[in-house]
Each structure stands twice: as C-alpha cells, then as structure tokens.
Amino acid sequence: MRRTRQAARVDRDAAPVRLAPADLIGLGLLGIRTRKARAALSALGIAIGIATLVLVTGIPASSQRALEEKLAALGTNRLQVTPAPNHEPPVKLPVESVDMVSRIGPVTVASATGDFGLNVARSDRTGAGDYNAIAVVATRTNLLAAIDGRVRSGRFLDPAMERLPTVVLGSVAAQRLGFTAVDLAQPVQVHLGGKRFSVIGILDPVALAPEIDRSAMIGWEAANRWLRFDGHPTRIYVQTTDAQVVAVRSVLAATANPEHPSDVLVSRPSDGLAAKQAVRQTYSSLLLGLAGIALLVGGIGVANTMYISVLERRREIGLRRALGANRGQVRIQFVTESIVLSALGGTAGVLTGAVAVAGYAALQHWPVTIPPAAAGAGLGGALVIGVLAGVYPAMRAASLDPTESLSSV
C-alpha cells in the first residue's frame, strides 16, 4: 500500500514532459540501437515470415501463369464464325460482317478470310486437276493477330502489300508447292487463277487454325482487283477475353448476319477455358490461405519478441517513469520499436522472397510472376503486424509500477 501511494505521488508531483515527434522516434529506436543482436534476430524472424509469404504466393503464381499460357494455346479466348454448311443455296456472310463484329465491345481482334474457289499452281505448265488441295483465300492484314500465327520466312501482308499481286503460303501449302524459304530480293512466282503472284512469305504451322496451313493467302484488295473477289468472308476469326467469351459468342451470329442469324455457325469455346477458370479459382484459394498463415506466424514472432523485451527492460522502464516519462510516451516507445523491427524485416523479406521466386521460376522455365498484392501485403502486413504485436507489450510496459520496476533484478 505504501509503495502504491509513493508511485501515485511520483505520477502526481512529476512535471509532465513534452517530447517532440523526433524525440519519440529516437526513444523508439533506443532498444534497437542498444540491443543490435536481438533486434537483428527479431527482424530476421519477420523477414523469414514475409519471405515465406512472397515465396508461397510467387511460386504458385508463376506456375499458374505457365499453365495458363499452355491453356491459352488451345484458343480459350478465340471464336470462329462461318456460314451454315449444307445450305441450298449456299449462305454468304455480308460484306460488312467483319466490321460489325469488330465493333462488339469485348472483341479485341476480328479478322477474316474469303475462299472464292480458285486453285494455285507452281507454274502454268501444271496439269489440269494437279493443284495439291491448296485453297486460295483473300485475307485481312490482321489475320496473324487473330490466330496467333508466326511468319517462318519472308513477311506477311500489310496495308501496302495487300494491294499488290503477292501471296503468303501456309506451312503445308509451301511444302506441297516445293518452297522452304523466301528471298524477298528475288521472289518466286506462282499462278493463281491465271495470274502471276509473287510469294513473299511462309507461315509456321498454326495450331488454332489448321485450315490456314493449307492456304495461299492474298490481300483483300488484291483479290478484288486481280481475281474479282466479291468481298464476302467465308470465315471470321474473333479474339476476346476469357471472361467475355460466352457473352461474345451469344451475340456473334446476330451481329455477323442480322437478317439471317440462324444461317450462321459459331464455334463453341475451347474446353481449355473451363480448365483455365478452375485453375484460377483453385490457385486463388491456395494463395490466400498460405498468405494468411505466413502473416500469422510473423505476427506471433514479433509479439513474442516485444513481450520478452518488456520483461528484460523493466528497470529501464521504471527509471524512465521515475525521471518523468508518462505512460503514453512509454507506449509510443515500444510500439515504435515494434513497427521499425517489422518494417526492416518486411523489406528484407520481400526482397529475399522475390529473389527466391525468380531463381526457382528460372529453374523450372516458368515466367517469373510476383503478385504486386503479395509484395504490398508483405510490407503492409509487416507494418500492421508491428502495430498489433506491439500494442499489448507497450500497454504492459506502461502499466509497470516505477518503484517495483527499479527494485526488480
């Protein structure tokens, strides 16, 4: 009872001490400066927890991206529009159908080809009927973007070349005609509908549109000018986003042929789309769970460190209280120390985790993916953990009786 009265008299008689914010921060760093080894070990514990957070989110995210790229190769975000088959008389898509489809909001690319029943031959001496089953198609210049095509040799049609008598061969068409490469300085010519066209390019095999491999592609305007193409597309290639594939598919027929939508055939999305969506949902749940566990472990480590620090520094706390420090200043000192330790550990953990993710992804030949949310959650979570983990030890330190603290061993 006597000690309690004495402590109350100390609190009542001591003049309040006002400290500037810089002084409070300096006091908060006092424990870190005087106990560097303990502070380093405490920050290391936080760094391990945050590095684990980045690691367990970055590696699955890199794996997810690699898997999504493989699934995307199946054409999960691509659709095709063609006239309905076995229709008498044959159905034709409107000339303006490609432009109408391209105006659908979620559509990112809309291209087309038009097959108008001509054959291609290596020379004018080719016998009748010996045409190697190669289709001659009028082609929009943005076709490669719509089908994920690549040029193996030469170049593809562009706004300048599409007006000239030039042709690009698919991989199978080039093989059947005896071409392995293209020399743009000395282009070789083939015969299309009795006209000579210069070969300017050969494509790699196109997995998403195998019909292109067996085609000889000429510019849309060149087909109209030199071969009397009527401008009606026979196949429209559409690219959109995975999230909008179903919505775009539902309006494609009516957009491509508003007068006769039932005469339009629209391909269904690849089965890979469902797998891709399932992968995203599974990985999202996994990442959230792992991140929460990592942050919890880090928080427990900081709280334990700060609580032990209060027990070790009871005499220091008692001396500061006896010299005039109030309870609020003691609380701020320990909370600041906790936040600084967490910030240092969080920064080191994010950097360490990022390097580890990059190294592992490189070994697995995955694209390196470090979710920005993981890095932000690592730093932000470390600061939040620092505040929460430091509150109870700070309150415990502030509530210590100065007299008892000074007399403790």
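Predicted model only: the values in this text are computed from it and were never measured.

Some thoughts on the pairing of strand β10 (residues 235-239)
No. 1: Judged by how many residues are buried, β10 sits mostly within the fold: 4 of 5 residues are covered.
No. 2: Two strands pair when backbone bridges link them, and strand β1 (residues 78-83) and β10 are joined in this way by 4 bridges, in the antiparallel orientation. Bridge assignment links Q80 to a residue of β10, and that residue is Y237.
No. 3: Pairing of strand β2 (residues 109-115) with β10, which is carried by 5 bridges, proceeds in the antiparallel orientation. Of the residues in β10, the one forming a bridge with S111 is Y237.

Digging into a nonpolar patch on the surface
No. 1: On the surface, a nonpolar cluster with roughly 310 Å² of combined accessible area is contributed by L41, L44 and I48.
No. 2: Within the secondary structure, L41 sits in helix α4 (residues 36-72).
No. 3: Residue classification places L41 among the exposed residues on the basis of a relative accessible area of 60%.

Some thoughts on the side chain of N257
No. 1: In this fold, N257 is placed in the loop between α10 (245-256) and β11 (264-266).
No. 2: Judged by relative accessible area, N257 falls into the buried class, the value being 5%.

Some points on the pattern of salt bridges
No. 1: A full pass over the atoms with the stated rule returns 7 salt bridges.
No. 2: Where R150 meets D148, a salt bridge forms, and the shortest distance between an N and an O atom there is 3.0 Å.
No. 3: Notably, a salt bridge pairs R152 with D204, separated by 3.4 Å at the nearest N-O pair. Of the two residues, R152 is situated in strand β5 (residues 151-154) and D204 in the loop between β8 (195-203) and α8 (210-213); the sequence distance between them amounts to 52 residues.

Section: the packing of aromatic side chains
No. 1: All told, the structure shown has 3 aromatic pairs when counted by the stated rule.
No. 2: An angle of 85° between the planes, with centres 5.0 Å apart, marks the rings of W220 and F229 as edge-to-face. As far as burial versus exposure is concerned, W220 and F229 are alike and both buried.
No. 3: Pairwise contacts between aromatic rings join F116, W220 and F229 into one cluster.

Re the nonpolar core
No. 1: Ranked by size, the top nonpolar core spans 40 residues in total, and within it V167, L169 and L252 carry the most contacts.
No. 2: The biggest single contributor to this core is α10, with 5 residues.
No. 3: When near neighbours in sequence (up to four residues on either side) are disregarded, L252 contacts L79, V81, V101, I104, V238 and V266.
No. 4: The next biggest cluster of nonpolar side chains, apart from the first, holds 17 residues, and it includes I147, F156, L157 and L203.

A closer look at the confidence of the model for the protein
No. 1: Model confidence for the protein is summarised by a mean pLDDT of 78, while 70% of its residues fall at 70 or above.
No. 2: Per-element confidence in the protein ranges from a low mean pLDDT of 49 for helix α1 (residues 2-13) to a high of 96 for strand β6 (residues 166-169).
No. 3: Within the model, pLDDT remains below 50 along residues 7-15, and this stretch shows 6 contacts once partners closer than five positions in the same chain are excluded.

Let's talk about the side chain of T82
No. 1: Position of T82 relative to the elements: it lies in strand β1.
No. 2: Leaving out residues up to four positions away in the same chain, T82 has contacts with T234, R235, D263, V264 and L265.

A short note on the environment of A243
No. 1: Tracing the sequence through the fold places A243 in the loop between β10 and α10.
No. 2: Expressed as a C-alpha distance, the spacing of A243 and P106, which sit 137 residues apart in the sequence, is 9.3 Å.

Brief notes about helix α9 (residues 220-227)
No. 1: Here α9 has its buried residues at W220, A222, A223 and L227. The buried residues of α9 occupy an angular sector of 165° when projected down its axis, which confines them to one face.
No. 2: Backbone geometry just after α9 places R228 at a positive phi near 60°.

Section: helix α13 (residues 327-364)
No. 1: Between the first and last C-alpha of α13 there are 55 Å, a value that for 38 residues agrees with the 56 Å anticipated at 1.5 Å per step.
No. 2: Phi for H365, located one or two positions after α13, is positive at around 60°.

Looking at the environment of A145
No. 1: With respect to the helices, strands and loops of the structure, A145 is situated in helix α6 (residues 143-147).
No. 2: On the basis of relative accessibility, which here comes to 44%, the residue A145 falls in the partly exposed class.
No. 3: As for A145 and Q239, which are separated by 94 residues in sequence, their C-alpha atoms are 8.6 Å apart.
No. 4: When neighbours within four sequence positions are excluded, A145 is seen to be in contact with R78, V109 and Q239.

Rules used in this analysis
Per chain, residues are indexed from 1 in the order of the written sequence. In view of the model being predicted, local features appear only for residues whose pLDDT reaches at least 70, and side-chain atom pairs are presented and counted only at 80 or more, with totals across whole chains, interfaces and linings using the full set of residues. Hydrogens are left out, water is left out, and the side-chain values use all remaining heavy atoms of the structure. Exposure classes here rest on a 1.4 Å probe applied to the protein chains alone. A residue is buried below 20% of its type maximum, exposed above 50%, and partly exposed in between. Secondary structure elements are taken from DSSP: a helix is a run of H or I of four residues or more, a strand is a run of E of two residues or more, and numbering for both begins at the N terminus. Only strands joined by at least two bridges in the DSSP assignment are considered to pair. Within this analysis, patches are made of residues with over 30% relative accessible area and no salt bridge. Like charges are joined at 9 Å or less; nonpolar side chains (Val, Leu, Ile, Met, Phe, Trp, Tyr) at 5 Å or less. Areas reported here follow the Shrake-Rupley algorithm with a probe of radius 1.4 Å; residue values treat only the protein chains shown as occluding. Salt bridge, as used here: a side-chain nitrogen of Lys or Arg that lies within 4 Å of a carboxyl oxygen of Asp or Glu. A pair of aromatic rings is counted whenever rings of Phe, Tyr or Trp (Trp by its six-membered ring) have centres within 6.5 Å, and the orientation is called stacked for planes under 30 degrees apart, edge-to-face for over 60 and tilted otherwise. Think of a nonpolar core as a cluster: buried Ala, Val, Leu, Ile, Met, Phe, Trp, Tyr and Cys residues, connected wherever their side-chain atoms sit within 4.5 Å. Should any heavy atoms of two residues lie within 4.5 Å, those residues are counted as being in contact. Residue-level confidence of the predictor is summarised by pLDDT, bounded by 0 at the bottom and 100 at the top. What the arc covers is the set of directions going from the helix axis to the C-beta atoms. Expected span of a helix, by definition, is 1.5 Å for each gap between consecutive residues, and there is one gap fewer than residues.

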